[in-house]
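Residue-level structural notes
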Amino acid sequence: MTKKKRKMENTLFSFLDIISCGFGAIVMLILIYKFSPNDKNEGKNNNIFELILKDETLNIEVFKTSNKKNLIRDKNIGGIPVNSNYIIFIVDTSGSMLEIWNKVIFQIEGILKIHPDVKGFQILNDMGSPLISSYENKWIPDTTTWRKRAIKLFKLWNVASNSSPVEGILKSLNNYVSNDKAVSIYVIGDDYTGSSFDNVIKRITTLNSKKKIKAKIHGIGFLARNTTNRFSILMREMTLQNFGTFIALAK
């Protein structure tokens, strides 16, 4: 009788080992499996994302939804939704940024590329000065001609800057963002010379929250001469509180 009991115990433990290993294998498959869009489901309305674009040169993933509803995204997951009808660039034009201006131009062109069809765009420097003065407080038409013209002028742009995007963001929210427009603001810079973080973030977030359609504020951080971490500190929290994403580019 003792031998039979021992044999049953050995069999039981072997069975449990097999079940545990099998369950563990299933869990591992779920964790490591890379989900990809099913070709058979493309174009169907029940698909969460209509289009997923990835630009390796920009180091960002962008998501375009099948409708204009806002996405609820985990704050720890990167990605920039490109479902806005209007886009604004706020660009630091300080000396350190001008030294890497070709890299800035490349990123501007790339961001425009992933927004192939918007109703208008605008380019301001960090102090709120427009690239094209005749379009101040107005939208530059989104046409192939105007895109090329804006980039051509941007390459030659040299205007005073205080390396603080606060004025540019405030001007964008006051003069361009309205309740009938979905707007994405791209803040591009390498440093922040302001003295406050919390007060600035609170002021901008409060102003944005009063809009019926809130602007998405994104940040693109560059490494240039004497770059500090102050721009990233400011923009990480500001983008988090204003439905956006902060991306730090490699040098």
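In what follows, the accompanying structure is described.

1. Thoughts on the overall build of the protein chain
In terms of regular secondary structure, the protein chain is built from seven helices and nine strands. Residues counted as buried form 44% of the 251 residues belonging to the protein chain. Restricting the contact set of the protein chain to residue pairs at least 6 apart, pairs at least 24 apart contribute 75%. Accessible surface computed for the protein chain: about 15,100 Å², of which carbon and sulfur atoms make up 56%.

2. Concerning the pairing of strand β5 (residues 120-125)
Burial analysis of β5 places six of its six residues in the buried class, the great majority of the element. Here β5 shows a buried face lined by Gly120, Gln122 and Leu124 and a second buried face lined by Phe121, Ile123 and Asn125. Here strand β4 (residues 86-91) pairs with β5 via six bridges, running parallel. Counterpart to isoleucine 87 in the pairing with β5 is phenylalanine 121. In this sheet, strand β6 (residues 140-141) lies alongside β5 in antiparallel orientation, the contact comprising two bridges. Counterpart to phenylalanine 121 in the pairing with β6 is isoleucine 140.

3. Some details on the nonpolar core
Residues Phe89, Val104, Ile108, Phe154 and Ile188 are the most contacted members of the largest nonpolar core, which totals 30 residues. Of all elements in the fold, only β4, α3 (101-113), β5, α4 (144-155) and β7 (183-189) reach the threshold of two or more residues within this core. Examining the composition of this core, we find that six residues originate from one element, α3, more than from any other. Residues contacting isoleucine 108, with those up to four places away along its chain left out, are Phe89, Val91, Ile151, Phe154 and Ile188. In this structure, Tyr86, Val166, Tyr192 and Leu234 belong to the second largest nonpolar core, which totals 26 residues.

4. So, unusual backbone geometry
Its identity as a non-glycine residue notwithstanding, asparagine 137 has a phi of 65°, on the positive side. Structurally, the position occupied by asparagine 137 is in the loop between β5 and β6.

5. Considerations on the pattern of salt bridges
This model, assessed by the stated rule, comprises four salt bridges. Put simply, aspartate 180 and lysine 181 hold a salt bridge, and the shortest N to O gap is 3.5 Å.

6. Structural notes on the packing of aromatic side chains
For any pair of aromatic rings, geometry is given as the distance between the ring centres together with the angle between the planes. In this structure the tally under the stated criterion is eight aromatic pairs. Between tyrosine 86 and tryptophan 139, the ring centres sit 4.7 Å apart and the planes meet at 40°, which makes this aromatic pair tilted. Note that tyrosine 86 is positioned in strand β4 and tryptophan 139 in the loop between β5 and β6, a separation of 53 residues in sequence. This pair shows no difference in class: tyrosine 86 is buried, exactly as tryptophan 139 is. Ring centres of tyrosine 135 and tryptophan 146 lie 5.1 Å apart, and the angle between their planes is 75°; this geometry places the pair in the edge-to-face category. Here the residue tyrosine 135 occupies a position in the loop between β5 and β6, and tryptophan 146 occupies one in helix α4, the gap between them amounting to eleven residues. Side by side, tyrosine 135 and tryptophan 146 carry an identical accessibility label, which is buried. Every member of this aromatic cluster is reached through a ring pair, and the members are Tyr86, Trp139 and Tyr176. Lying over the aromatic face of tyrosine 135, lysine 138 brings its terminal NZ or CZ to 5.4 Å of the ring centre.

Each value, and the rule that gives it
Residues numbered from 1 in each chain as written. Predicted model: local features only at pLDDT ≥ 70, side-chain atom pairs only at ≥ 80, totals over all residues. Heavy atoms only, no water. Helix = DSSP H or I, 4+ residues; strand = E, 2+ residues; numbered from the N terminus. Buried < 20%, exposed > 50% of the residue type's maximum accessible area, 1.4 Å probe, protein only. Contact = heavy atoms within 4.5 Å. Areas by Shrake-Rupley, 256 points an atom, 1.4 Å probe, with all protein chains shown as cover. Pairing = 2+ DSSP bridges. Core = buried A, V, L, I, M, F, W, Y, C linked by side-chain atoms within 4.5 Å. Salt bridge = Lys/Arg side-chain N within 4 Å of Asp/Glu carboxyl O. Phe/Tyr/Trp six-rings, centres within 6.5 Å; stacked < 30°, edge-to-face > 60°. Lys NZ or Arg CZ within 6 Å of the ring centre and 35° of its normal.

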